[in-house]
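Each chain is listed here by its residues.
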2 protein chains.
Amino acid sequence: MKGYRVAIVGATGLVGAEFFKVLEERLFPVAEISLLASDRSEGKELTFAGRKYLVQETSPDSFRNIDIALFSAGADISHRFAPIARESGAVVIDNSAAFRMAEDVPLVVPEVNADDLASHRGIIANPNCSTIQMVVALSPLHRVNPIQRVIVTTFQSVSGTGTAAIEELTAQTKQWLNKDELTTHVYRHPIAFNVLPEIDAFLEDGYTKEERKMEDETRKILHAPGLKITATCVRVPVFASHSEAVTLEFSRPMSPAECRALLSGASGIRVVDDPSAGLYPHARAAAGTDDTLVGRIRDDSSRPGGLVMWIVADNVRKGAALNAVQIAEELSRRDLIKVGDRK
Amino acid sequence: MKGYRVAIVGATGLVGAEFFKVLEERLFPVAEISLLASDRSEGKELTFAGRKYLVQETSPDSFRNIDIALFSAGADISHRFAPIARESGAVVIDNSAAFRMAEDVPLVVPEVNADDLASHRGIIANPNCSTIQMVVALSPLHRVNPIQRVIVTTFQSVSGTGTAAIEELTAQTKQWLNKDELTTHVYRHPIAFNVLPEIDAFLEDGYTKEERKMEDETRKILHAPGLKITATCVRVPVFASHSEAVTLEFSRPMSPAECRALLSGASGIRVVDDPSAGLYPHARAAAGTDDTLVGRIRDDSSRPGGLVMWIVADNVRKGAALNAVQIAEELSRRDLIKVGDRK
């Protein structure tokens, strides 16, 4: 096998760039690569694995002779082109929210529910970044002692919004140092030296879509339709990595020691939990790494048998590009990619 | 009555400076003022109410002829000098953690438990900043529908640590813009563009002292010894205002509408809660203001009848200096300040 013909939709974006890195680092078998984006980026030159490629405008014809299409260009583009890519014979791994809750679309974090890939019908959804890192940490616990209730508060970096938000935080930081007024374009209020409890649109019931995604997606990925969960999602002036304070109620009591033992042996997790030595996960330490870091594991002082913990991961990496490539690897390993039409 | 003879211990610190502002703004009746600090600041000139004063080194003699001593110089200084100030006839309002949990020391947030002042024996404790803003918001609810359980995650600004931390965040921000390595002195890890789940020392059980303070002080202030509470306290790269995500369980169901109605009429609170119009509290909006801002009030989607909300206040103001001056005002109003020895 020489490798797969891969298309990256949204190649010029933040996650697009991370796809390049992750595919190269993991030596994913890429035979050919198509870099797709909007017409604004048409003709732009990008380097993948030492070779230069021209970015092409995404069109219905873009997916001929493509085995794997990695989408990360927003829900509108996914809605429009993912079905076409599938019809063209590609398997779609979609990083947007477009299909995540569709019944016939597996929503997969490989460490958690790789088996769900078996039933795919051409589109697989990559979960929301803040959901991914949480379920990676919850799953090893949930398997042995079903989680009943989750209360999560997030500290999400601006990279989750994309390049424009990184530029906005940078620009506002400079404005602040120059004692200029802070100008806002991406966020409603300044994000520099501020904290904004608003991620994605507000819903009727006062939650945001981001919070609802964490609730719905966690239930779907963990196969726990009855799981109770509430989320507060907050943007913080951090460039990379999301952090999460999570309170858990289990079916039976779970001790911090048992939790640490379960997580220490789990795939994709690194327990960083020696507070007396100053060891706990933090955003800067997680940036650029693959693992989901878990620490500050302790008894819930408000409920015997429950736990509180702190979960940190690189949201562009494990929260997006890495998870999608891991899905592609699992599909390959399980022989779930149609390569019959390969040239 | 011409006014009180006031001593400020820690006059050169961040809270000290805020004491000046708040005393002036509120036209607190100050007859004389003594500015006290460590020997390093002896002789420094500070301006209060348009007049210049020399800072003096705090000594056992500093409290002769003082009616009110406002302490904000850390627990060690309070342990050492507060009893002396009391013996000298002053009433001490102490901003440190030194006496907060002492049985004979009222721990007071005037909007919540001003009546506790009646039993004071010369020392009154000002609660921890993150506790104050939370109990301001919880108390009007707790009075009509006792709160059973609180789960709180904080987003605390560096001003809570003091001037050196403000300088550290500023310096690291400049270093980052200059692509220099970030140097750390105050915090264990860089705070610029980072999030650190460590405030005050770690305890044996994995909680920090800051988290334990929020638990213990909330129970004491609300007179709710059985209240269940767990806190995760996190430092964020914000200069002013603490933000808090709070999940509440009540004795009986409480709706968001009832909560809003109760808080809208409550002292010291401003409800900012119209998400569809982009209205919610955030740190920059709260900075420099007196009110505790509450918003994002919604049903707890993990527990019927519970609520989730977002509480923001200026930690140096309501969280420290303002609350202490409000205590002094209440003492004055209730005639609880000994002025018999007044010159």
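It should be emphasised that the depicted structure is a prediction, and the values quoted were computed from it without experimental measurement.

1. What about the overall build of chain A?
So, point 1. For chain A, the count of helices and strands is nine helices and 14 strands.
So, point 2. By the compact-globule yardstick of 20 Å for 343 residues, chain A fits well, its C-alpha radius of gyration being 20 Å.
So, point 3. Each principal axis of the C-alpha atoms in chain A carries an extent, and together these give about 60 × 55 × 40 Å.
So, point 4. Every one of the 343 residues in chain A was classed for burial, and the buried ones make up 61%.
So, point 5. Split by element, the accessible area of chain A, about 13000 Å² in all, is 48% carbon and sulfur.
So, point 6. Averaging the positions of the 39 positive and the 45 negative side-chain charges in chain A gives two centres separated by 2 Å.

2. Regarding the confidence of the model for chain A
So, point 1. Mean pLDDT for chain A: 96, with 99% of residues reaching 70 or above.
So, point 2. For this predicted complex, the interface confidence reaches an ipTM of 0.96, while the overall pTM sits at 0.97.

3. Considerations on the sheet that holds strand β2 (residues 30-37) of chain A
All names here are of chain A.
So, point 1. The strand order across the open sheet built from six strands is β5-β2-β1-β6-β7-β8, with neighbouring strands paired in parallel fashion. Strands with a single pairing partner mark the edges of an open sheet, and in this sheet they are β5 (56-57) and β8 (123-125).
So, point 2. With two bridges connecting them, β2 and β5 associate as parallel partners. Bridging from a neighbouring strand, Leu36 pairs with Gln56 of β5.
So, point 3. The strands touched by helix α1 (residues 14-25) within the sheet are β1 (4-9), β2 and β6 (68-71), with β1 carrying the most contacts at an inclination of about 155°.
So, point 4. In the packing of helix α9 (residues 317-333) onto the sheet, contacts are made with β1, β6, β7 (91-94) and β8, and the angle to β7 comes to roughly 150°.

4. Quick notes on the relation of the copies chain B and chain A
So, point 1. With an RMSD of 0.0 Å, the fit of chain B onto chain A corresponds to turning through 180° and sliding 0.0 Å along the axis. Such a combination of rotation and displacement between the chain copies is what one expects of a two-fold axis.
So, point 2. Comparing contact sets, 100% of the residues at the interface of chain B also lie at the interface in chain A, consistent with an isologous, same-surface contact.

5. Quick word on the environment of His142 of chain B
So, point 1. One can find His142 of chain B in helix α4 (residues 129-144).
So, point 2. Distance in space between the C-alpha atoms of His142 of chain B and Arg86 of chain B is 33 Å, their sequence separation being 56 residues.

6. Considering the interface of chain B and chain A
So, point 1. At the junction of the two partners, chain B supplies 62 residues and chain A supplies 62 residues.
So, point 2. For the pair chain B and chain A, the summed buried surface comes to about 5100 Å²; carbon and sulfur atoms form 61% of the total.
So, point 3. Between chain B and chain A we count eight salt bridges in total.
So, point 4. Two residues, Arg149 of chain A and Asp300 of chain B, come together in a salt bridge whose shortest N-O distance is 2.7 Å.
So, point 5. At the junction of chain B with chain A, the criterion picks out 39 residue pairs in polar contact (both at pLDDT 80 or more).
So, point 6. Secondary structure elements with two or more residues in the side of chain B that touches chain A: β9 (147-156), α5 (163-177), α6 (209-221), β10 (228-235), β11 (242-250), α8 (283-286), β13 (292-299) and β14 (307-313) of chain B.
So, point 7. The leading source of residues in the side of chain B that touches chain A is β10 of chain B, at seven residues.
So, point 8. Residue composition of the side of chain B that touches chain A, grouped by class: 31 nonpolar, 16 polar and 15 charged.

7. Here we look at the pairing of strand β14 (residues 307-313) of chain A
All names here are of chain A.
So, point 1. With seven of its seven residues buried, β14 lies for the most part within the structure.
So, point 2. Side chains of β14 alternate between two faces, with Leu307, Met309, Ile311 and Ala313 and Val308, Trp310 and Val312 buried alike.
So, point 3. In this structure, strand β11 (residues 242-250) lies alongside β14, joined through seven bridges in antiparallel fashion. In the sheet register, Ala245 faces β14, and the bridge partner there is Trp310.
So, point 4. As paired elements, strand β13 (residues 292-299) and β14 share five bridges and run antiparallel to each other.

The rules behind each value
Residues numbered from 1 in each chain as written. Chains lettered and ligands numbered in written order. Predicted model: local features only at pLDDT ≥ 70, side-chain atom pairs only at ≥ 80, totals over all residues. Heavy atoms only, no water. Helix = DSSP H or I, 4+ residues; strand = E, 2+ residues; numbered from the N terminus. Rg over C-alpha atoms; globule rule 2.2 N^0.38 Å. Buried < 20%, exposed > 50% of the residue type's maximum accessible area, 1.4 Å probe, protein only. Areas by Shrake-Rupley, 256 points an atom, 1.4 Å probe, with all protein chains shown as cover. Lys, Arg positive; Asp, Glu negative; His and termini not counted. Charge placed at Lys NZ, Arg CZ, Asp CG, Glu CD. pLDDT = per-residue confidence, 0-100. Pairing = 2+ DSSP bridges. Contact = heavy atoms within 4.5 Å. Axes fitted to C-alpha atoms, helices over the stretch in contact; angles between N-to-C directions. Least-squares fit on C-alpha atoms with pLDDT ≥ 70 in both. Buried area = accessible area lost by both parts, 1.4 Å probe. Salt bridge = Lys/Arg side-chain N within 4 Å of Asp/Glu carboxyl O. Polar contact = N/O pair within 3.5 Å; in protein donor to acceptor, adjacent residues only side chain to side chain. Nonpolar A, V, L, I, M, F, W, Y, C, P; charged D, E, K, R; others polar.

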